[in-house]
Amino acid sequence: MSEAATRPTAHATALLASLDPLLREWLPRQRWFAGKGRPIGSFEPVAVTELLPRTAPSGLLHLLLRVRRPLVPAQDTALEGPSTEHTGDCYQLLLGVRRTLPPQLAPALIGHVTEGPLAGQTVYEALHDPRLAALLLERLRMPGRHGVLRFERDMSVGMPSGLTPRPLAAEQSNSSVVYGDTFILKLFRRVVPGVNPDLELPLHLARQGCARVPAPAAWFLAELTGGAADAGAAGEACGLGVLQPFLAAAEDGWELALRMLGKGEAFTGEARALGRATAEVHAALADALPTVTLGRAQIGLIADAMARRLAAAAQAVPALRPYAPGLLTAFEALADLGGEGQSWTAQRIHGDLHLGQCLRSPDGHWSLIDFEGEPARPLAERRMPQPPARDVAGMLRSFDYAAATRDPWAREWATDCRAAFCVGYADVAGRDPRTDPVLLRAHETDKAVYEVLYEARHRPDWLPVPLAAARRLAENGSADAAH
Ligand SMILES: Nc1ncnc2c1ncn2[C@@H]1O[C@H](COP(=O)(O)OP(=O)(O)O)[C@@H](O)[C@H]1O
Ligand SMILES: O=P(O)(O)O[C@H]1O[C@H](CO)[C@@H](O[C@H]2O[C@H](CO)[C@@H](O)[C@H](O)[C@H]2O)[C@H](O)[C@H]1O
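By convention here, each chain's residues receive numbers from 1 onward along its written sequence. Both sets of labels track the order of writing: A upward for chains, 1 upward for ligands. Totals for whole chains, interfaces and linings use every residue, but because this is a predicted model, local features are given only for residues with pLDDT of at least 70 and side-chain atom pairs only at 80 or more, for both listing and counting. The side-chain figures draw on all heavy atoms in the structure; neither hydrogens nor water molecules are used.

Observations regarding the overall build of the protein
No. 1: For the protein, the count of helices and strands is 13 helices and 18 strands.
No. 2: Only protein chains enter the calculation, and the probe is 1.4 Å; a residue is then buried if its accessible area is under 20% of its type maximum, exposed if over 50%, and partly exposed in between. Looking at the protein as a whole, 55% of its 483 residues are labelled buried.
No. 3: Contacts are assigned to residue pairs that have any heavy atoms within 4.5 Å of one another. Taking contacts inside the protein between residues at least 6 apart in sequence as the whole, the part at least 24 apart equals 71%.
No. 4: Accessible surface area values rest on a Shrake-Rupley calculation with a 1.4 Å probe, where residue burial reflects the displayed protein chains alone. A total of about 19200 Å² of accessible surface is found on the protein, and carbon and sulfur atoms cover 55% of it. A helix here means a DSSP run of H or I that spans at least four residues, while a strand means a run of E at least two residues long, and both kinds are numbered starting from the N terminus.

Here we look at the side chain of Glu200
No. 1: Relative to the elements of secondary structure, Glu200 occurs in helix H4 (residues 197-207).
No. 2: Dropping the residues within four chain positions of it, Glu200 is found in contact with Val195, Arg348 and Arg383.

Remarks on the pattern of salt bridges
No. 1: Any Lys or Arg side-chain nitrogen located within 4 Å of an Asp or Glu carboxyl oxygen qualifies as a salt bridge. Counting across every chain of the model gives 39 salt bridges.
No. 2: Of the charged contacts, one joins Arg272 and Asp427 as a salt bridge, the two residues approaching to 2.9 Å between their closest N and O atoms. Of this pair, Arg272 sits in helix H6 (residues 268-288) while Asp427 sits in helix H11 (residues 411-429), and the two are 155 residues apart along the sequence.
No. 3: Of the residues examined, Asp427 reaches a relative accessible area of 38% and is grouped as partly exposed.
No. 4: A salt bridge links Arg434 to Asp432; its shortest N-O distance comes to 2.8 Å.
No. 5: On the basis of relative accessibility, which here comes to 28%, the residue Arg434 falls in the partly exposed class.
No. 6: The exposure class assigned to Asp432 is buried, which follows from its relative accessible area of 18%.
No. 7: What emerges from the salt-bridge pattern is a single network uniting Arg309, Asp352, Glu374, Arg377, Glu381, Arg390, Asp446 and Lys447.

Description of the site of ligand 2
No. 1: Here a residue is near a molecule or strand as soon as one of its heavy atoms is found within 4 Å of it. Close to ligand 2 lie 15 residues, the nearest being Ser173, Asp352, Ser398, Tyr450 and Glu451.
No. 2: The separation between an oxygen atom of ligand 2 and a polar side-chain atom of Ser173 is 2.7 Å.
No. 3: Under this definition, polar contacts are N or O atom pairs within 3.5 Å; protein pairs additionally need one hydrogen-donor-capable and one acceptor-capable atom, and for neighbouring residues in sequence, both atoms have to be side-chain atoms. Side-chain polar atom of Ser398 to an oxygen atom of ligand 2: 2.6 Å apart, as the coordinates give it.
No. 4: Contact with the protein chains removes 95% of the 540 Å² of surface that ligand 2 exposes when unbound.
No. 5: Throughout, the protein atoms alone are placed on a 1 Å grid, and a set of points is a cavity if a 1.4 Å probe fits but cannot get out or a pocket if it is open with protein on both sides within 12 Å along at least five of seven lines; lining residues have an atom within 4 Å of a point. Molecule-in-pocket calls rest on the fraction of atoms, with more than half required to lie within 2 Å of the cavity or pocket grid points. Among the cavities detected, the one that contains ligand 2 is the largest pocket.
No. 6: Mapped by element, the contributors of at least two residues to the shell around ligand 2 are helix H10 (389-404) and helix H12 (437-458).
No. 7: Top contributing element to the shell around ligand 2 by residue count: H12, with three residues.
No. 8: Grouping the constituent residues of the shell around ligand 2 by class yields five nonpolar, five polar and five charged.
No. 9: How far each domain reaches was decided by an automatic or database domain assignment. Counting the residues that make up the shell around ligand 2, at least three belong to each of domain 1 (4-245) and domain 2 (251-476). Amino acids outside the nonpolar list (Ala, Val, Leu, Ile, Met, Phe, Trp, Tyr, Cys, Pro) and the charged list (Asp, Glu, Lys, Arg) are all regarded as polar, and Gly is one of them.

Some remarks on the sheet that holds strand E6 (residues 144-146)
No. 1: The pairing criterion for strands is at least two bridges between them, as found by DSSP. The seven strands lie next to each other as E6-E7-E12-E13-E10-E9-E8, forming an open sheet whose pairing is antiparallel. Every interior strand has two partners, whereas the edge strands, E6 and strand E8 (165-167), have only one. On average, each strand axis in the sheet is inclined to that of its neighbour by 20 degrees, with strand direction left out of account.
No. 2: Direction of pairing for strand E9 (residues 175-179) relative to strand E10 (residues 183-187): antiparallel, over a ladder of five bridges. Bridging across to E10, Val178 finds its partner in Ile184.
No. 3: Structural elements are reduced to axes, namely lines fitted to C-alpha atoms, with helices fitted over the stretch in contact, and the angle between N-to-C directions of any two is expressed from 0 to 180 degrees. This element, helix H3 (residues 130-141), spans E6, strand E7 (149-153), E8, E9, E10, strand E12 (218-222) and strand E13 (238-245) of the sheet and lies at about 70 degrees to E7.

A word on the site of ligand 1
No. 1: Lining the immediate environment of ligand 1, one finds 17 residues, of which Gln172, Asn174, Lys186, Pro245 and Leu247 sit closest.
No. 2: Contact between ligand 1 and Asn174: an oxygen atom at 2.8 Å from a side-chain N or O atom of the residue.
No. 3: Comparing atom positions with the cavity grids shows ligand 1 to sit within the largest pocket.
No. 4: Only E10 and E13 provide two or more residues apiece to the shell around ligand 1.
No. 5: Looking at the shell around ligand 1 residue by residue, the classes come out as eight nonpolar, six polar and three charged.
No. 6: When residues of the shell around ligand 1 are assigned to domains, at least three map to each of domain 1 (4-245) and domain 2 (251-476).

Quick look at the domain arrangement of the protein
No. 1: Here the domain parsing of the protein yields domain 1 (4-245) and domain 2 (251-476).
No. 2: Between domain 1 and domain 2, the C-alpha centre-to-centre distance is 29 Å.
No. 3: Contact residues are listed per partner, giving 34 residues for domain 1 and 35 residues for domain 2.
No. 4: Once two parts are brought into contact, the accessible area they lose, counted with a 1.4 Å probe and summed over both, makes up the buried area. Both sides of the domain 1 and domain 2 interface together cover about 2900 Å² of buried area, and 57% of this is carbon and sulfur.
No. 5: Where domain 1 packs against domain 2, one counts four salt bridges.
No. 6: A salt bridge links Glu200 to Arg383; its shortest N-O distance comes to 2.8 Å.
No. 7: One can count 10 residue pairs in polar contact (both at pLDDT 80 or more) joining domain 1 with domain 2.
No. 8: For the side of domain 1 that touches domain 2, the secondary-structure elements that each account for two or more residues are helix H2 (74-80) and H4.
No. 9: No other element matches the seven residues that H4 contributes to the side of domain 1 that touches domain 2.
No. 10: Looking at the side of domain 1 that touches domain 2 residue by residue, the classes come out as 17 nonpolar, eight polar and nine charged.

Details of the pairing of E13
No. 1: Within E13, seven of the eight residues are buried, leaving the element largely enclosed by the surrounding structure.
No. 2: Taken together, the five bridges between E10 and E13 define a ladder with antiparallel strand orientation. Paired with Ile184 across the strands is Gln244, a residue of E13.

Now the structure itself:
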């Protein structure tokens, strides 16, 4: 967020000061908070919007909050992602405010305010309060502005009022609420100025008639004027949330894969179908948005960026260091191929494709969700055209992850799924991703490096999974000998 866009009013500053001690304690415990393990320096209000006045029984505060942290050593910054001490990270909070919290809302408690404009009030996670979650849906039903917030919708999609809200239990990078098993609202947590690909790409895909993505029905943004100082985002609104049809009967690919693995059943038929779905989405994105040819210079830049990410990850996670020289050979081989005149096409892609981003309807139809890209990467980077091999590599890694949940590691299962996925991809794209082994290996290596950082940061118990892949990729160039 830019400095100018975020000049706080005296009221917003006082409000935030009264919440300061609560948020300091509560924020680091949230899965979506990227600043774990580093002390919070200061909070600054980027925008405060009262969606419901603080009159009985409850008020609804929408808060965009910048969290600044003190200067830390480079390795910690690598672990944390791209935020800097200068800009900090901006988070979206929806706070309910009540005098007393009814027992059913106890799990949503953030804390009791003792000083300032909110003194004597109890603050809690608004999305857990059916009354406040319903109010948000009502706002989405009626396009228009509310302070800095702008609500928009696709008027061709019917949106009944009165749908019962329930927050989704699985807290991931963001937070979601399901309305009457009809819609799901995804609220972005760590927000940056500019077009959010999780709204942008599904809108384009819907306009292309691509049936692989639930089409956005409504969305909301923040208009923070004042000349944004952040890279490439000047004047662009900041995406805050998207409402999509909820595929109530669908099962996500990760759960399904684990279930089938548990029963000793093959997943190759589904893996092949997933390959086809991915290739269809890629084809639609290539039709809808510009593509570019990657020549020698661009391939060199991609290989350099991968090598830099590896160096940063190895610095942050000591356990990765023994494999770094072997992993680097994947990026050197990519740069060499670029030097030999090899070129590839880059296009907009999903950006963080894994089994958990794929939903299978009971009729066997696969949909893809969550086009936000890797949450830790800068927005401009996430919105750049990239080789589709990046998504393919993401899925190949995911089969490896699923296999790693078994003891002993179900390596053959993963190998079969990886091959089937590539065959399915080729069914639609006309070209098997394995035809470009150097490109695929580089992307798979880059993904495994990303995963090492991700797990170190969010789920240390899972770190052995990408580390084992790093070891295999460093030794023999393939995460589970699928080639
Ligand atoms: N359209 C949908 N229909 C059914 N379930 C969905 C839909 N969109 C998301 N979900 C569920 O919500 C979870 C979180 O959504 P996702 O977009 O991946 O959020 P995050 O960015 O927090 O990971 C998914 O794993 C999936 O189970
Ligand atoms: O929260 P997101 O879904 O946007 O993605 C992040 O979290 C994922 C884990 O929830 C993480 O995925 C990794 O773990 C998965 C198993 O839980 C596995 O299927 C993926 O292959 C693996 O990358 C993802 O990397 C991260 O961006």
